[in-house]
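Now for the letters of each chain:
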Amino acid sequence: MSNFLVAVGGSGAKLMQSLIHLGAAGMLPDRAPTLSALLVDPDENNGNVEECQNIEKAYQACKQLVKVGKSDLFAAQLTLAGPWTPIVHHQTDTLKEIFNYNQLANNASEEAELMDLFFERGELEMSVKQGFRGRPAIGATVFANSVNFDRAEWKDFRTAIHHSASSAPPHILFAGSVFGGSGASGVPTLVRLLSNNLETDVSNARYGLVLFLPFFQFRKVEGEAIQADPGSFPLATAEALKYYNERNFLAICHSIYAVGEEIPAEMTVSAVGAKEQRNEPHFIELVAGMGALRFFDADSHSKDYSLAVASRQEEGKLTWDDLPCDPQMGGAQVHKLQNKLQKMAVFAVSYHYIFYPQILEALRAGGSKTPWWVDHIERKNVKPDDSRAALAAVDAYTVKVLEWLLHVSTPRRANFSPGLVNPNVFAVSQGQNWRLKLPREFQQVDLARLLLNRPKTKIDDRTVLTRAARSTVKDDTAAGAGRLVRALFDSCEVE
Amino acid sequence: MPHAYLPKRKSGTGNRFPDPQAAGVWEERPTQLNHLAEAIEIPSEPQRIYSIPDAWARALLFDRALFDENHKLHPMVLGEWSGLLALIGLRERRNFESLTVHPITLDSSLPNSFSAVLAQLVPQDENMLSPESNWQQFYILRWQLTPWTHNNPRAFAFTSPMTLVSTGADYSGLISSDEVPWFDGERLTDPADHLATRERRALAEWILALSRELTRQITNTVRKSRIVDLVNDFAHRLDATAKAPSNPEDVLSTNVYMGLHDGIYRALDRPLKSETSNTSDVQIITSKPTAPTYYLIEPSLSQQWQLNAKDILIFGDVHLATADRYTNSGQVQGTMPGGQNWATSGFFFQNRLIYLRDGGVAFPGCLPVSVAGDPKKRSIVLPLSEEVLKLFTPKEIQESFSVAWQPNGGALCSLRLRLKTSSGKERTCRIQKTYNEADMVLVEDLPLITIWPNFRISTVNWQAYYTFEMWSSQKRDELKVKPWADDEREPAANRFQNLDQRHFEVSFTHKYPEALICSTPYVDLDNHSGETAKGLLLINQPEVLSPPAMTRVTLGVDFGSTGSGIYQRFKGDPKPVVFKNRLHQITGYDPKVFSRFTRELFIPARDWSADEILSVFQDFGDPKEGPNARVVLRDGHVLYTEDPRTFISGDRKRVKSNLKWGDQSEKIAARDFLRQICLQSAAEIAVEGCTTADLRYSYPTAFSDGDIANLEATWDRVVDDLEKQTGIEFRVNPTFLDPVTGEEKPADNREAITATKFFCDYAGEGNRMDITGGAVTVDIGGGTTDMAVWNRMELVSHSSVVFAGRDIFLNPLRKNPSILSEIDPRVSHTIEELLKTGEKDAAYDAHLEAIISKHGKELIDGLHLQESEGVKGFLSILETGLCGIGFYAGLLVRRVQTAAAFKAGRRVAIFAGGNGSKIFRWCALGRLTERSEIHQRFSKAFLNAADLKNTKIEIRLSEKPKSEVAYGLVCQDLPLRVKEDFAKPIAGEAYMIGETEQPWDSSPPAEEIRKRNVMVDRKFPVFQQFLEALDETADEDLLDRLGGQVDLRLTMLSQEVANAQQRDKKKRKDENLLRNEPIFIIALKAYLAMRIEEWARRA
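Reading the values: the criteria
- Residues numbered from 1 in each chain as written.
- Chains lettered and ligands numbered in written order.
- Predicted model: local features only at pLDDT ≥ 70, side-chain atom pairs only at ≥ 80, totals over all residues.
- Heavy atoms only, no water.
- Helix = DSSP H or I, 4+ residues; strand = E, 2+ residues; numbered from the N terminus.
- Buried < 20%, exposed > 50% of the residue type's maximum accessible area, 1.4 Å probe, protein only.
- Contact = heavy atoms within 4.5 Å.
- Polar contact = N/O pair within 3.5 Å; in protein donor to acceptor, adjacent residues only side chain to side chain.
- Pairing = 2+ DSSP bridges.
- pLDDT = per-residue confidence, 0-100.
- Axes fitted to C-alpha atoms, helices over the stretch in contact; angles between N-to-C directions.
- Parallel < 35°, antiparallel > 145°, perpendicular 65-115°, else oblique.
- Left-handed = near helix turned anticlockwise from the far one by under 90°.
- Nonpolar A, V, L, I, M, F, W, Y, C, P; charged D, E, K, R; others polar.
- 1 Å grid on protein atoms, 1.4 Å probe; cavity = no way out; pocket = protein on both sides within 12 Å on 5 of 7 lines; lining within 4 Å.
- Points joined across faces, edges and corners; volume = space filled by probe spheres on them.
- Buried area = accessible area lost by both parts, 1.4 Å probe.
- Salt bridge = Lys/Arg side-chain N within 4 Å of Asp/Glu carboxyl O.
- Core = buried A, V, L, I, M, F, W, Y, C linked by side-chain atoms within 4.5 Å.
- Phe/Tyr/Trp six-rings, centres within 6.5 Å; stacked < 30°, edge-to-face > 60°.
- Lys NZ or Arg CZ within 6 Å of the ring centre and 35° of its normal.

Caption draft 1: Inspection of the overall build of chain A at higher detail. What chain A contains, in helices and strands, is 17 helices and 15 strands. Counting every position in chain A, which comprises 495 residues, the buried fraction comes to 64%. For chain A, long-range pairs separated by at least 24 residues make up 79% of all intrachain contacts whose partners lie at least 6 apart in sequence.

Pasting the structure below:
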């Protein structure tokens, strides 16, 4: 069984970011910890896509350099392709250019008349290179016109699905926003086109949707004639949901996860596309990720063909218990799942602020007296210099995790209290913005305050350091610096 | 309370999507996707929707919004859907030729094409309206803006298997809002508010027919019931009482097919049929059968009639509420698609109000209108457009127009119109316009405006009316008028004249003007531009006369050299025609000024006897089209003499006086002179009921054949014009039944004969002429003297010579007019006026004639007191002239007596008539008796020439000098016999043809004159006899001088003969080629000229 994700647009990419972190924490289904994702965006330079790729690269660096053995850490087998862009010809910019409208119109062609009927004049002349700016009909048209499952990324993606289908039903998840441009247009179009395409040779595929309903907003961009209007998000959302209903998507998709927020976050970056469109992570992407995990693990649990929605206990807070799980899961299972992410949080803070500074010092000094260095490097005859890159890769990735956790915990909205981790432990606020603390700013004792709303065992720096000093790795598949990382990770166990 | 990871949702019943109850778990909602969609709270402000992620978004959105009453876009989309159906339904009725359809079949194989995209994503909804219609095939609807030559058809809508029809995503500007008022420039809207009640009813019936057809065609589906409900709702919105036609054919067009041949769209293929009858509530009623039909667009009508604007039908499908499609352009009138005319109040009213500050009656000749309020002594020109005259009679306009003066000085002008409604009934409407001070244009100097003649008549087709306008100031454009008559064939033939700073214009129309279209310049202070204000004056037309039919009338026209006269006879004795004052005075003017200007430049504003007309014409010059395009009274007029001092107005060179004998320009003037006096005469007999008339005109025997031919041609033209203009049929110089023989004979209107008829017929103071014992008539005119010798009712001889009053009387006066001052100092001022002119031209002659005409009697009365040599000399000249005529008459008698054709009794009566006969009175110092010296001298000269002994002469002067010929033309035919044996002229003096002597009673052939073979006998045997009769002697020097003068004249005549032969197609060589100017008369003229020269020199 394999899992596939078609992450469309910025929101799709951001879901993939969450899934990377969740996968890194070992939260993908144990029996199929694989995820093949294809990023789809008309703007291949989209900041969100780029960030997703950066995280994936950081993750893959760890996967490649750090052999931690049989552990939740870095357990997921992730592949990320794309971004595939439907803008086929780089010279074309507008619908008119894509379909040679002017020439058709001059020849009094019906084609031009059909375009006149189905689009506004401004839409026909809107540049689509950087997305569809809240005009999903344009996107749908562009997608439908350009997608070819026998070419490029799609061919590989389709082949992977085809191959996996022979052993188990492939789970194919599509994700994107319903109120924006690229995701809104790409998700339903690609679902229909891909499902139609696979119909002949992949009969057992299960399709799912993660639909991002509005959860953020931004100011209008000066000088852009056509752009997504946050004020229109609610109406656009309603219309899109009706569309999914009317076009009977629940007959195609087994699950549709709908997530959104009543109080939208204010995004700091306002841009219609390109690198400037790099939105900070939001906890709703974590929630959506929980839905994706459930879809990937859904064989035995979920009812077919349903809309899935979830809730949290308090509007102004997101706690570990608010992360939605399958209702069929028992409490232990839920806690186990929660613990994986909690452990990753503790590990990220510990590694970046406690361990890695000491590792750097050991590498600089040629050695260290700390037990975990002695036990897992020196006694194992691991050459420090050979470990340098792997250890640095882990640190780089933990920074990504910390940044993600920070923004998940501090959405840009009023009246919200962190409920998962305490951002003050590893970050400092500067007005509306937050940044990660420098190692020298970090207080080790604060680690005890990291996990919030944890009624059970308290994890503090002493505990982690003590465990690290005593840790042993009895997993032969762990090797090199991976053994050290594994030991340190194991030290961060929260239960 | 758990809080959902969802956007804000509606509260209350609008939200059927319950929040997940447990935090931290996924809740399955198998069927609630739509509930979630509906639960999303959407801000209230209207928004466009772009969130359907499908190439078919427009169709899908349209479908969703149309059927979902709660959808934000439902009202808008329902409006578009309704508007589109109305567009199709009214395709024929509103003549939407711009609307066409075109079938579309999607082709998925077309690479990189939008239709392939559509085909890939085509909605596979089984819940279409009907299985036979899907998205693979549909129609697009196109609209082509006018002008079609500049615009291509553009797709703006399409048929839909889900909603029947759907509009495109963006069709702003693609449809004409003028033609489709429910298209707001961006999208179609519900048409109900834009349709008239009748049209709503008709469209509703068509919609109901459509509903029935859909019900029949479509199998039962949920969607079917929804679309049928919508269709029925639409029909109900249009007209709640409308019912489906029992037979669809009653409403479906049989002429227009949309081309929707397939599937459920067949139900839309036949639009609503056109109305069989065009109806309106605002058809302007007019009594004029030829008036164009207009439909009034007056916004206040709704208030006036207390009706909703939509229920006031303008025409066809346009009602008052939607009429702005026509009026938006700012135009005040135009043509509707069917060719009907529409008009707003602006069509009727002018932008400016012309007024006069005159406190009196500014327009006495116009129809008065109702006035309310204090006009502050202002008179107005009706501020109505010329077009109003095509719709209403002046009387209707007068009755419907009113002006109410406002306290602030403004004028509220109203026009009441009668409108025919669609029910066939009549309703009234009042349109108004207020003119503030800034909208008023002052006319400072009221021009003189009058119309001639002042009658309309039913018995003849009178077609000659003249509108005269004269400006008293330099502002000649003020209140310029153009006469208007309803069925006038062409614009008034007007001509502006600027004569010595007299600015006037005469316009000719065939019909009596009903109105005057006025214009006056003003400066628009806003634009700093020169503009023209316009308005109407409604003429108070005279009642149409229907006089009882009149028996045949005879008009006799004596066209004289210095004076002319016209007599008429129908019952009783001949009488001079009296030209009545037939001027219709339009503008209020001082009577004296009015009278003066009209006489000087047009027609006198008083009665005028037609025996007091000087043959003087004021020629305003030819129009640019040439002399043949001249219009009588417009291009010149008869100068009627009243006060010689003001006789001639303007350029003296325009005065023509030698009409009878002059050159080409005088001939043209003569023609127009005759046209005018005949036209005036015709007016007088027309009002008496005359429909046919005899017209007789005379000519002197002295006329050459060429003169006669010219005269006849002139008269032909005059009479031809006269008949066309007056509708009176004229018989010119008709034959007559000879009372003696009973034979029908051609008219003989030679002046010598007609004058005799006068003397025979007229029972004046001197009793009727008795010619039974022989008599001679001498008609001394201005240019010729006609003489006739009668013997027992038989004309035995007659002749006419070019020697008359002008030679005898006027020539000395021309030389020395001051003699008249000497005779009577009271005329000295008049003479001074005459002398101021300097040049002795035609005007001078006319002026002189006018003085004599006016003061003749006074001068004669003053003669007996004068003893000066000058006066004596002057009278002596007159005596010589008269005696010369008497002598020549005597020669005529001698000839017939020698031939034994005449035998004188003991008394021979000489009847002297003509204007020149007054010279007898001059010479007789007032009263001619047998004792008068002139009587004796004239008798002696006559008897001497006639070689009569023991015969007494009795001279009788005419009681009506100058009227003899005109009278004689119309008097009863007398039993006269005319012998032509001695009608040939005589030379009156011995002469030579070559070396051969010729007797005095012969006449030199013209051919010999041309060859210069004719010479006078220098001994002047006859002329010497004449001088002896005057007790004068002729020395050799005198005879030699006379001989030279006569031979010089014969030489000149030689050239005239040559010229006449050149013109004469027959190339005749007889004597009639020339005017009769006997050698004796030539000698007499020369002699008299010498006498005058000598007299003048002494004076």
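Caption draft 2: Main features of helix α5 (residues 110-118) of chain A. Residue and element names in this part refer to chain A. Here α5 lies mainly inside the structure; eight of its nine residues are buried. Those residues of α5 that sit buried are Glu111, Ala112, Glu113, Leu114, Met115, Asp116, Leu117 and Phe118. The N-capping residue of α5, defined by a side-chain oxygen 2.9 Å from the backbone nitrogen of Glu111, is Ser109.

Caption draft 3: The arrangement of the sheet that holds strand β22 (residues 465-471) of chain B in detail. Residues and elements named next belong to chain B. Pairing within the open sheet is antiparallel, and its five strands lie in the order β24-β25-β22-β20-β33. Edge positions in the open sheet fall to β24 (493-499) and β33 (584-585), since each of these has one partner strand only. By the bridge criterion, two bridges tie strand β20 (residues 448-452) to β33 in an arrangement that is antiparallel. Each residue of the ladder has a partner; that of Thr450, found in β33, is Gln585.

Caption draft 4: Inspection of the confidence of the model for chain B at higher detail. A residue-level look at chain B finds 96% of positions with pLDDT of 70 or above and a mean pLDDT of 88. With pTM at 0.61, the complex prediction returns an ipTM value of 0.95.

Caption draft 5: Geometry of the packing of helix α25 (residues 1021-1029) of chain B against helix α27 (residues 1079-1098) of chain B. All names here are of chain B. In contact at an axis separation of 10 Å, α25 and α27 are set at 50° when each is read in the N-to-C sense. Taken together, the axes of α25 and α27 lie oblique to each other. Between α25 and α27 lies a crossing whose hand is right-handed. Along its contact with α25, which presents Val1022, Phe1023, Phe1026 and Leu1027, the element α27 presents Phe1080, Ala1083, Leu1084 and Tyr1087. Residues that form the contact of α25 with α27 fall into these classes: eight nonpolar, no polar and no charged.

Caption draft 6: Region of the structure containing empty space enclosed by the protein. Residues and elements named next belong to chain B. One pass over the full model with this rule turns up seven cavities of 30 Å³ or more. Estimated volume of the second largest cavity: approximately 160 Å³. Forming the boundary of the second largest cavity are 14 residues, of which Leu659, Lys660, Lys667, Asn710 and Leu711 lie nearest the centre. Secondary structure elements with two or more residues in the lining of the second largest cavity: α13 (664-687) and α14 (705-726). At four residues, the largest contribution of residues to the lining of the second largest cavity is made by α14. Among the residues making up the lining of the second largest cavity, the classes are represented as seven nonpolar, three polar and four charged.

Caption draft 7: Structural view of the layout of surface pockets. All names here are of chain B. In this structure, the second largest pocket encloses a volume near 1200 Å³. Lining the second largest pocket we find 44 residues, and of these Ile860, Asn915, Lys918, Arg921 and Pro961 sit closest to its centre. Where the lining of the second largest pocket is concerned, the elements lending two or more residues are β30 (563-569), β35 (613-614), α16 (805-815), α19 (842-863), α21 (918-923) and β47 (952-957). For the lining of the second largest pocket, the leading source of residues is α19, giving eight residues. Residues that form the lining of the second largest pocket fall into these classes: twelve nonpolar, 15 polar and 17 charged.

Caption draft 8: Quick look at the interface of chain A and chain B. Between chain A and chain B, the contact holds 82 residues from the first and 82 residues from the second. Overall, the association of chain A and chain B removes approximately 7000 Å² of surface from exposure, summing both partners, and the carbon and sulfur fraction of that is 59%. The interface formed by chain A and chain B contains eight salt bridges. One salt bridge connects Arg121 of chain A with Asp170 of chain B, and the closest N-O pair in it is separated by 3.8 Å. Summed over the shared surface of chain A and chain B, the result is 33 residue pairs in polar contact (both at pLDDT 80 or more). Contributing elements (two or more residues each) for the side of chain A that touches chain B: α5, α6 (121-124), α7 (136-146), α9 (182-198), α10 (233-246), β8 (255-259), α11 (283-296) and β10 (306-312) of chain A. Among the elements that take part in the side of chain A that touches chain B, α10 of chain A stands out by supplying 13 residues, more than any other.

Caption draft 9: Here's a closer look at the pattern of salt bridges. Residue and element names in this part refer to chain B. Throughout the structure, instances matching the rule amount to 88 salt bridges over all chains. When the shortest N-O distance is used, the salt bridge between Arg29 and Glu27 registers 2.9 Å. Considered together, Arg29 and Glu27 belong to a single accessibility category, that of buried residues. A salt bridge links Arg630 to Asp672, with the shortest nitrogen-to-oxygen separation between them at 2.6 Å. With Arg630 in the loop between β36 (617-619) and β37 (636-638) and Asp672 in helix α13, the pair connects residues that are 42 residues apart, well separated along the chain. Of the two residues, Arg630 and Asp672, both sit in the buried class. Salt bridges sharing common partners tie together Asp619, Asp622, Arg630, Arg671, Asp672, Arg675, Arg717 and Asp721.

Caption draft 10: Molecular detail of the nonpolar core. Trp154, Ile359, Tyr397 and Phe426 of chain A together with Trp56, Trp81 and Phe156 of chain B are the most contacted members of the largest nonpolar core, which totals 267 residues. The element best represented in this core is helix α12 (residues 331-365) of chain A, accounting for 17 residues. With near-sequence residues (within four places) excluded, Trp154 of chain A lies in contact with Val6, Leu38, Val40, Trp84, Val147, Asn148, Phe149, Leu190 and Leu194 of chain A. Ile910, Phe938, Phe942 and Ile986 of chain B belong to the second-largest nonpolar core, a separate cluster that totals 99 residues.

Caption draft 11: Spotlight on the pairing of strand β6 (residues 206-212) of chain A. Residue and element names in this part refer to chain A. Burial analysis of β6 places seven of its seven residues in the buried class, which makes it a mostly covered element. Because side chains alternate across β6, one face comprises the buried residues Arg206, Gly208, Val210 and Phe212, and the other comprises Tyr207, Leu209 and Leu211, equally buried. Strand direction decides the pairing type here: strand β5 (residues 171-177) and β6, joined by seven bridges, are parallel. Bridging from a neighbouring strand, His171 pairs with Arg206 of β6.

Caption draft 12: Quick look at unusual backbone geometry. A cis amide bond, omega -5°, links Thr146 of chain B with the succeeding residue Pro147 of chain B. Looking at where Pro147 of chain B falls in the secondary structure, it is placed in the loop between β4 (137-143) and β5 (154-160). Following Trp452 of chain B, the chain continues to Pro453 of chain B via a peptide bond in cis, the omega torsion being -10°. Along the chain, the position of Pro453 of chain B falls in the loop between β20 and β21 (456-457). If you check the backbone angles, Asn381 of chain A has positive phi at about 55° while not being a glycine. Within the fold, Asn381 of chain A resides in the loop between α13 (371-378) and α14 (384-409). A relative accessible area of 67% places Asn381 of chain A in the exposed class. With phi around 55°, Asn415 of chain A is a residue other than glycine that occupies positive phi space. Among the structural elements, Asn415 of chain A can be located in the loop between α14 and β12 (417-419).

Caption draft 13: Structural context of the packing of aromatic side chains. Evaluated as defined, the whole model comprises 73 aromatic pairs over all chains. When the centroid spacing of 4.5 Å and the interplanar angle of 55° are considered together, the rings of Phe179 of chain A and Phe233 of chain A count as tilted. Of this pair, Phe179 of chain A sits in the loop between β5 and α9 while Phe233 of chain A sits in helix α10, and the two are 54 residues apart along the sequence. On the accessibility criterion, Phe233 of chain A (3% relative accessible area) is buried. Judged by centre distance (5.2 Å) and plane angle (55°), the rings of Tyr466 of chain B and Phe508 of chain B are tilted. Note that Tyr466 of chain B is positioned in strand β22 and Phe508 of chain B in strand β25 (residues 502-509), a separation of 42 residues in sequence. Note on accessibility: Tyr466 of chain B and Phe508 of chain B belong to one class, buried. Aromatic ring contacts, followed pair by pair, group Phe99, Phe118 and Phe119 of chain A together with Trp56, Phe114, Trp135, Phe138 and Phe158 of chain B into a single cluster. The ring centre of Tyr435 of chain B lies 5.5 Å from the NZ or CZ of Lys433 of chain B, which sits over that ring.

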